[in-house]
Structure formats: C-alpha cells, structure tokens
Protein chains: 2
Amino acid sequence: MITVPKIVILGAGYGGIMTAIKLQKELGYNEANVTLVNKHDYHYMTTHLHMPAAGTGNADQARVSITRLIDEFKIDFVKSTVVQIKANERKIILEDGSLSFDYLVVALGGEAETFGIPGLQQHSLRIRSINSVRFIREHIRYQFARYKLEPERSDYLTFVVGGAGFTGIEFAGELADRIPKLCKQFDVDPKLVKLVLIEAGPTALPGFAPELADYAMKVLAHKGVTFKIGTAIRECRADGVVLADGETVKSATVIWTGGIRGNRLVEQAGFETVRGRVKVDAFLRAQEKEHVYVVGDCSLVTGPQDKPYPPTAQLAIQQGAACAFNLVAAIRGEAPREFKFSGKGVVASLGKGEAIGIVLGKTYKGGKAAVMKKLIDLRYLYAIGGIPLVLRKMRL
Amino acid sequence: MITVPKIVILGAGYGGIMTAIKLQKELGYNEANVTLVNKHDYHYMTTHLHMPAAGTGNADQARVSITRLIDEFKIDFVKSTVVQIKANERKIILEDGSLSFDYLVVALGGEAETFGIPGLQQHSLRIRSINSVRFIREHIRYQFARYKLEPERSDYLTFVVGGAGFTGIEFAGELADRIPKLCKQFDVDPKLVKLVLIEAGPTALPGFAPELADYAMKVLAHKGVTFKIGTAIRECRADGVVLADGETVKSATVIWTGGIRGNRLVEQAGFETVRGRVKVDAFLRAQEKEHVYVVGDCSLVTGPQDKPYPPTAQLAIQQGAACAFNLVAAIRGEAPREFKFSGKGVVASLGKGEAIGIVLGKTYKGGKAAVMKKLIDLRYLYAIGGIPLVLRKMRL
C-alpha cells in the first residue's frame, strides 16, 4: 500500500487559493492528497471589497465559487471553520471535525488591528469579508432611511472612515461617488452628508510619494471628503468618535481601515508571532516547524534592511506560488527555492475613473492609473481562473 | 377691488389631490384662490405602499410630483407641515408660516391606530408614507445583513406583521415573494426565514366573503406565511411581540397594519371626532363649521344602517370630487349635492399574479383578480394625471 503525503491548506484567500491552484498544476497523479479548507465556499478578492462596501459594486463581483477554481478530482475542498491548529500533532481541529496532515499551509488571512483603541472593536465596521461589506452597504443605506424618519438626526448622515491608508482611501473614493445617488434615492439634501477620513499618521497613503498622496487627497476633497490627518481616534462609541484633539464627531457609522494583524489562531497555535504574523524562513516555513508553511497576512517576510513587507494581495499571491513550488520540491526530495518578493507596484483607486499608482517604477495619475488598476485585476483573474473568469467578472 | 374667496386644502393624498384637481377643472378665472398645502412635494398612492415596503416595487413608482398634477397658474402649492388648524379664526398655522382661508378642506389622512397596546408605537413600523416604507425596505434588508454577521441570531430573520386586514395581507404577499430573492442575495437559507401574520380578530380580511379570505390565506400559506388568527398582540418590544396566548415571537421587525385613525391635528382643532375622524354632514362639512370640509381618513361618513364606511382610497377619491363640487356650488351660491358613496368593489393583491376581489358584485380569484387590480390602478392614474401619467407609472 502506498501512502501519499497529505497537504492541508487553511484558507482560500489570495495566498491559499494560489497555493492550491499551483499544486493542482504541478503535482502528478497520486503524488499527494491536497485538502483546501475554507469558511466559505467562495474565494473573494479583498482588494475589491471597498466597492461592494460602498455600494458601487456588487458583492458577487468580488467573489468566485471555489469549485470553479479548483479541480475536485485533484483537490478536496472542505467548507468549515478552523478552530485550532495543532502543528506538532499534525492535526487541524475544525468546528465540525478534524483533519490530519503531513504538510500544512496556513493562509488564514488577517484581522483588523484596533491598537487597543477603546470601543473600536465593538462599534466600528471593517471591510474584511463578503458578509461584512454587505453589512456595511446595508448599514449606510439604513442611515439614510433612518434620517428620513428622524430629520433632526443629521448625524446619521455623517460617515467616518478611520485610517487613510490604501483601504481607507479607496473606500472613501467609492463612498463619495455613491453618496449623490443615495441622496437622490432617499430625497436627502447632499449638503447634509459628511464623509470624514481620519488618520493618526502624518500623511495619507504612507506607501506613496507625497506628490501622489497629495493628488489623491485633492481628488477626494473635491468629491466632498473631509480629512483629519495627524489626528488619532481616542475612543469609538456607538454614537461617534472622540479624537485626540478633543473633538467629537457624531456618527452612527465608523468604518475602521487602520491596520491589519495576523489571525489569532496562529498566535494560539504557539507560533512565534509579531502582531499575529509568523516570521517565516526563506522558504516560507515556520521556525522549527518545517512542515508548516505560512503565506499571506499571517506571515512576516522581510525585505531590504530587514524591513517587513506590508501584507498585500500581491505578496500573498507570490507567496502562494512559491509555497506550492517548495511543497512539490519537499515531496519529491528536491531543493526548495528561496522566496523573493518582486514588487510590481501599487495602484490605489479614487472612485470612478480616478486612481494613483506606481507601476514598475513609473508614477501614474488619473484615468491612466485607473486603467492600470483594471489591468492588474484582469491579470489576477486570468491567473486564477483563465479567460472564462476574466469574462465573467471583469467590468471594463 | 374684487376679493375672491380663498380655499385652502390641507393634504395631497387621495382626497386632497382629487379636490384640487376637480377645483382646477371647474373653477373659472378669478372665481377663487386655491392653495394646496402638503408636507411633501409629491402625492403618493397609499394603496401601493406595500410593494416598496417589501422591496418588490420602487418607492418612486408609488408617488407623483404634485407639480405634475396641478396647474400652478390655477392652484398655489405650499410645501409645509400643518401645526394647527384654527377653524373659527379661519387660520392655518404652518411650521414656517400661516395661511388664512374662507373655505377649508381637511384631507390630512390617517395615522396608525395602536389601540393602546404597550410598546407598539415605539417598536413597530408602519406602512404610512414614502419615508416609512423606504425605511421598512431597508430595515428588512438590514436584518439579513445583520444575521450574516451574527448567525446565532436567527430571530433577525423572523418578520412579524400585525393585522391581517387589507394592508397586512397585501404586504405579507409581497414580502413572501421577496424573501427568496433576499435569501439569494445574502446567502441565507430560506428555511430560516419566518413570516408571521398575527390577527386579533376571528378572521383575516373581514371585509371579504369567507371563501375569498380562505383562498387568500391558502395562497399566502403556500408562500410560507404562518398565520395566527384570533390572537391579539399583548405587547410589542424591541425584540419581538408577546401574544395574548402567552407565546413570545422573537423578532427585530414588527410591521403594524392593524388599524387607522384620523389625524390628531383634527382632534386638537376642537372638531367632534370619533378616533380622530370628524363626523361630517351630508355635504362633507364639519358640524357647525360649514366652511370646513373634511374628506378621506379624517372624515366619518356613514352608509346603510348608520354604519361608518371604512376609510379607503376609493371613499376618499369620491369625497374629493364631491367636495370640489360643493365648494364650487358654495362660491356660486348654488345648492350643494349630498355625498353618496358608490362602492365599486375591492381587490386585494396577494403578491405576484395573485389576488382576490369583489368588483361590481362579482367575485374574482387568482390571475383575473390581479388584472382587475391593475385596471383599478390604471383608472386612478388616468383620473388624476391622464394618459401621460398612466404611461409613466404603470407596470402592466
């Protein structure tokens, strides 16, 4: 009797799904048993969630059924929630069962980092999943409907975005585009609606050149966004936020985009972590647990000057491919390959037809950057699902 | 200098708009100054509100801009809210001004009658205006979104309708049609959704023959509606209703359709009223205030055996026309005409393609009744706005 190694992949986000797809391509018949575990039966594109959250896009546009991406003759799929990772016992406890493994890929994704700000966990909304963004969209619409029944409560029409990083800026851009339509739909005077973007750091979009960040802020300000830069949120309450400068912004809607940390399950599993992220070796393996690979938001990979790369989709996708390569090598007794991140650039959308970006060292603004963003999306869809997926999901 | 009599019409619902439209047709140049006062700049069709409330129709479909219905050279329109009626002083106090009149038409519409049931006023929603039904639609969607974030709270998916009269039945029919679509949109198992219709009286649809009421209940039960007939609501709470039989139905959504009373402003103005309705004379005038006409839900008109007619759109429309006739007669010093209600029949919709009705003495069920309902709507739109309005609003 031949026993083939068992590979379990936890999570079907960017890192997990890419690992699965690459393994499915590379592994020969009966070389390994691969099981992909995911909470939902779909993969979703986190970098697209700001659109359905604002209501400018549909949630279905941001997800793909997992069975469309994997070949079920080659990879088993288990829809379940992971409860515990027992790395040394080579066991995964699911909410409704358990799985054993020889090799594990931890690709569970991140969680919002609230930096201990009081009330933020309970009272803010996060752009983190299909369910959460559907909720945000409905919550925003609900405030317009509530306001019409209680016209003295114009605070229902104030929307606070915490964090002017990538997600905060992209979401604010979409919501600013959406507000005039909501005003029309609910007969609300647009002058009453406030969209406030609050950032504790000294600048918006810290990853971008100041010239691009300034451009982004100008575009959003023109769309009606008010910025409070260099102002920390001191407390989040059910009826708004208190800022470090003492000001209170009354609002029933606080969207927190201020930070990402690794999944708590990873900390609980006894890995050595920094803010929930496992510092992996050059081959994406956990220290002293060489049968466990970690990719995506749960992993910590350092670049030049030992500075950690920010957790992005791009990083997770490249890690997934590298992880699959190294898994195949491990099974075949071949040499693994060191992971090297190759940053192609970043593009941040600013709502319809507007974006900023640095791609392959060149900066882009406005319409050209928006087209670039579309191309990046297209490239990803093609990578995971080929032409059919591009045709089904892409809005050009 | 000629002084022409001043007519003020309060409210642009069925009764008020019909009075205005008929006056505009009948009055000659400089025969009277007519001012129509309404809270909103649109007229809406209350009998259509169950559709936008459930989300099966659009709120805009149920309203028409007042300026499209009246000729502004003939009738002044004031968008304001009435604060007080001073019948003897011939003065109307608005929230932002005042109007004097020689003749007044009170057509302010009804309010929900909660029969003193504790908590019903605070915790239930009512199908009473464009704003309230937009809120109901959003509230229902919001519960689906909330449930996805708190899957242990299946009570978010229980929807209670209080009252199995006309509005309760029509709304339940629409919502039952809508639920499968919401389940699909939010990835909710339809088996978890409950739609409970609670009626204190011994039967649903008391105005209809038992055979038709039974048919209606069968149609709705088939669509998934649970009936509790002969069961009063003892208390309404933020988290559901307590019934007279001791049962508690957990729900975040209680839509109350159990009764209509006249507008409180009419009581406060010192008219003799029964549940907020003014008992008018044969010419639709208030007792001892012959310069004040009352039409629609604020009026009480009795038919055979001195039994009051239920407040319906049909009654209000006929009253509006009769009121205009009598106003013109009064101005010209001609004899007024007694109001006689001519009941053409009633049709209750049960969701898509299903209805029951009695029209001109003949009973209808199913598809034929649904077509009859469309014809009634068409007739009304034609009466107030002619062919152009029919073409703009009708979905055949």
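Taking an unreviewed UniProt entry as the reference, chain A is identified by name as NAD(P)/FAD-dependent oxidoreductase belonging to Paenibacillus ginsengarvi. Regarding chain A, the UniProt comment filed under Cofactor (unreviewed entry) reads as follows: "FAD". Looking at chain A in UniProt, the text filed under Sequence similarities (unreviewed entry) is "Belongs to the NADH dehydrogenase family."

A.B. asks: Just give me the short version of the overall build of chain A, but keep the residues and values in it.
C.D. replies: Summing up its helical and strand segments, chain A has 10 helices and 27 strands in all. Considered along the principal axes of its C-alpha atoms, chain A spans approximately 75 × 40 × 40 Å. Taking all 396 residues of chain A together, 55% fall into the buried category. Partitioning the contacts of chain A with sequence separation of at least 6, the portion at a separation of at least 24 is 66%. With the model as given, the accessible surface of chain A reaches about 17,700 Å², and the carbon-plus-sulfur share is 52%. Treating the 52 positive side-chain charges of chain A as one cloud and the 40 negative ones as another, the clouds have centres 5 Å apart.

A.B. asks: Before we move on, could you go through the pairing of strand S9 (residues 103–106) of chain B and cite the residues and values that matter?
C.D. replies: Residue and element names in this part refer to chain B. The alternating pattern of S9 places Tyr103 and Val105 on one face and Leu104 and Val106 on the opposite face, and all of these are buried. Note that strand S1 (residues 6–10) and S9 share 4 bridges and pair parallel. If you follow Ile9 over to S9, its bridge partner there is Val105. One ladder, built from 3 bridges, connects S9 with strand S23 (residues 289–294); its direction is parallel. Residue Leu104 lies in a different strand from S23, and its bridge partner there is Val292.

A.B. asks: Could you give me a rundown of the UniProt feature "domain: FAD/NAD(P)-binding" (unreviewed entry) in chain A, with the residues and numbers involved?
C.D. replies: Under the UniProt annotation, the feature "domain: FAD/NAD(P)-binding" (unreviewed entry) is placed at residues 6–320 of chain A. The distance from the first to the last C-alpha atom of residues 6–320 of chain A is 17 Å, and the span holds 30% helix and 30% strand.

A.B. asks: Quick rundown of the sheet that holds S1(B)? Include the residues and the values.
C.D. replies: Residue and element names in this part refer to chain B. The 6 strands are arranged S5-S2-S1-S9-S23-S22 in an open sheet whose pairing can be described as mixed. Each end of this open sheet is capped by a strand with a single partner; those strands are strand S5 (75–79) and strand S22 (285–286). In terms of strand pairing, S22 meets S23 through 2 bridges, oriented antiparallel. The residue bridging Arg285 from the neighbouring strand is Tyr293, located in S23. Contacts between helix H1 (residues 14–26) and the sheet are confined to S1, strand S2 (33–38), S5 and S9, with S1 contributing the most and set at about 150° to the helix. Sheet strands in contact with helix H9 (residues 313–332) are S1, S9 and S23, and its direction is about 175° off that of S9.

A.B. asks: Give me the lowdown on the nonpolar core, citing residues and values where you can.
C.D. replies: In a soluble, globular protein the nonpolar side chains are often hidden away together inside. Counting 100 residues, the largest nonpolar core has Phe144(A), Phe171(A), Phe144(B) and Phe171(B) as the members making the most contacts within it. In contact with Phe171(B), other than residues within four places in its own chain, are His50(B), Ala53(B), Ala54(B), Ile127(B), Ile136(B), Ile140(B), Val161(B) and Ile255(B). Residues Tyr14(A), Val280(A), Val294(A) and Ile384(A) belong to the second largest nonpolar core, which totals 65 residues.

A.B. asks: Outline the relation of the copies chain B and chain A, listing residues and values.
C.D. replies: Look at the two chain copies: a rotation about an axis and a shift along it is all it takes to match them. With an RMSD of 0.0 Å, the fit of chain B onto chain A corresponds to turning through 180° and sliding 0.0 Å along the axis. Within this description, the copies of the chain are treated as partners about a two-fold rotation axis. In this assembly, 100% of the residues forming the interface of chain B have copies in chain A that are likewise at the interface, indicating an isologous arrangement.

A.B. asks: If you had to explain the interface of chain B and chain A to someone new, which residues and values would you point to?
C.D. replies: The partner chain A presents 18 residues to the 18 residues of chain B that form the contact. Counting the surface lost from both chain B and chain A, the interface buries some 1,700 Å², and carbon and sulfur atoms represent 56% of this. The largest per-residue losses of area from chain B upon contact with chain A belong to Phe135(B), Glu138(B) and Tyr142(B), which jointly make up 34% of the total buried on that side. Linking Arg141(A) and Glu138(B) is a salt bridge whose minimum nitrogen-to-oxygen distance equals 2.6 Å. Applying the counting rule to chain B against chain A returns 12 residue pairs in polar contact (both at pLDDT 80 or more).

A.B. asks: Please set out the packing of aromatic side chains residue by residue, giving values where relevant.
C.D. replies: This model, assessed by the stated rule, comprises 15 aromatic pairs over all chains. When the centroid spacing of 5.2 Å and the interplanar angle of 25° are considered together, the rings of Phe135(A) and Tyr142(B) count as stacked. Within this pair, whereas Phe135(A) is found in helix H5 (residues 130–149), its partner Tyr142(B) is found in helix H5 (residues 130–149), the two belonging to separate chains. The exposure class assigned to Tyr142(B) is buried, which follows from its relative accessible area of 9%. The interplanar angle of 65° and the centroid separation of 4.8 Å between the aromatic rings of Tyr309(B) and Phe341(B) together place this pair among those described as edge-to-face.

A.B. asks: How would you summarise the sheet that holds strand S9 (residues 103–106) of chain A if you had to cite specific residues and measurements?
C.D. replies: All names here are of chain A. Judged by pairing direction, the sheet is mixed, and its 6 strands sit side by side in the order S5-S2-S1-S9-S23-S22 without closing on themselves. Looking at strand neighbours, the two that pair on one side only are strand S5 (75–79) and strand S22 (285–286), the edges of this open sheet. Where strand S1 (residues 6–10) lies against strand S2 (residues 33–38), 5 bridges are found, and the strand directions are parallel. Along S2, the bridge assignment pairs Lys6 with Asn33. Lying over the sheet, helix H9 (residues 313–332) contacts S1, S9 and strand S23 (289–294), oriented at roughly 175° with respect to S9.

A.B. asks: I'd like to hear about the pattern of salt bridges, residue by residue, with values.
C.D. replies: Residue and element names in this part refer to chain A. Tallied over the full model, the rule gives 42 salt bridges over all chains. As a salt-bridge pair, Lys373 and Glu170 come within 2.8 Å of each other at their nearest N and O atoms. Here the residue Lys373 occupies a position in helix H10 (residues 367–393), and Glu170 occupies one in helix H6 (residues 166–186), the gap between them amounting to 203 residues. Given a relative accessible area of 13%, Lys373 falls into the buried group.

A.B. asks: Account for the pairing of strand S16 (residues 240–243) of chain A, with residues named and values stated.
C.D. replies: Residue and element names in this part refer to chain A. In this structure, strand S15 (residues 233–237) lies alongside S16, joined through 4 bridges in antiparallel fashion. Looking across to S16, one finds that Arg237 is bridged to Gly240. From the end of S15 to the start of S16, which pair antiparallel, there are 2 residues. The pairing of S16 with strand S17 (residues 248–250) spans 3 bridges and is classified as antiparallel. Bridge pairing in S17 places Val241 opposite Val249. Connecting the antiparallel pair S16 and S17 is a turn made up of 4 residues, with Gly246 showing a positive phi of about 95°.

So, how was this worked out
Residues numbered from 1 in each chain as written. Chains lettered and ligands numbered in written order. Predicted model: local features only at pLDDT ≥ 70, side-chain atom pairs only at ≥ 80, totals over all residues. Heavy atoms only, no water. UniProt positions renumbered as here; feature names shortened; annotations may be inferred. Helix = DSSP H or I, 4+ residues; strand = E, 2+ residues; numbered from the N terminus. Buried < 20%, exposed > 50% of the residue type's maximum accessible area, 1.4 Å probe, protein only. Contact = heavy atoms within 4.5 Å. Areas by Shrake-Rupley, 256 points an atom, 1.4 Å probe, with all protein chains shown as cover. Lys, Arg positive; Asp, Glu negative; His and termini not counted. Charge placed at Lys NZ, Arg CZ, Asp CG, Glu CD. Pairing = 2+ DSSP bridges. Axes fitted to C-alpha atoms, helices over the stretch in contact; angles between N-to-C directions. Core = buried A, V, L, I, M, F, W, Y, C linked by side-chain atoms within 4.5 Å. Least-squares fit on C-alpha atoms with pLDDT ≥ 70 in both. Buried area = accessible area lost by both parts, 1.4 Å probe. Salt bridge = Lys/Arg side-chain N within 4 Å of Asp/Glu carboxyl O. Polar contact = N/O pair within 3.5 Å; in protein donor to acceptor, adjacent residues only side chain to side chain. Phe/Tyr/Trp six-rings, centres within 6.5 Å; stacked < 30°, edge-to-face > 60°.

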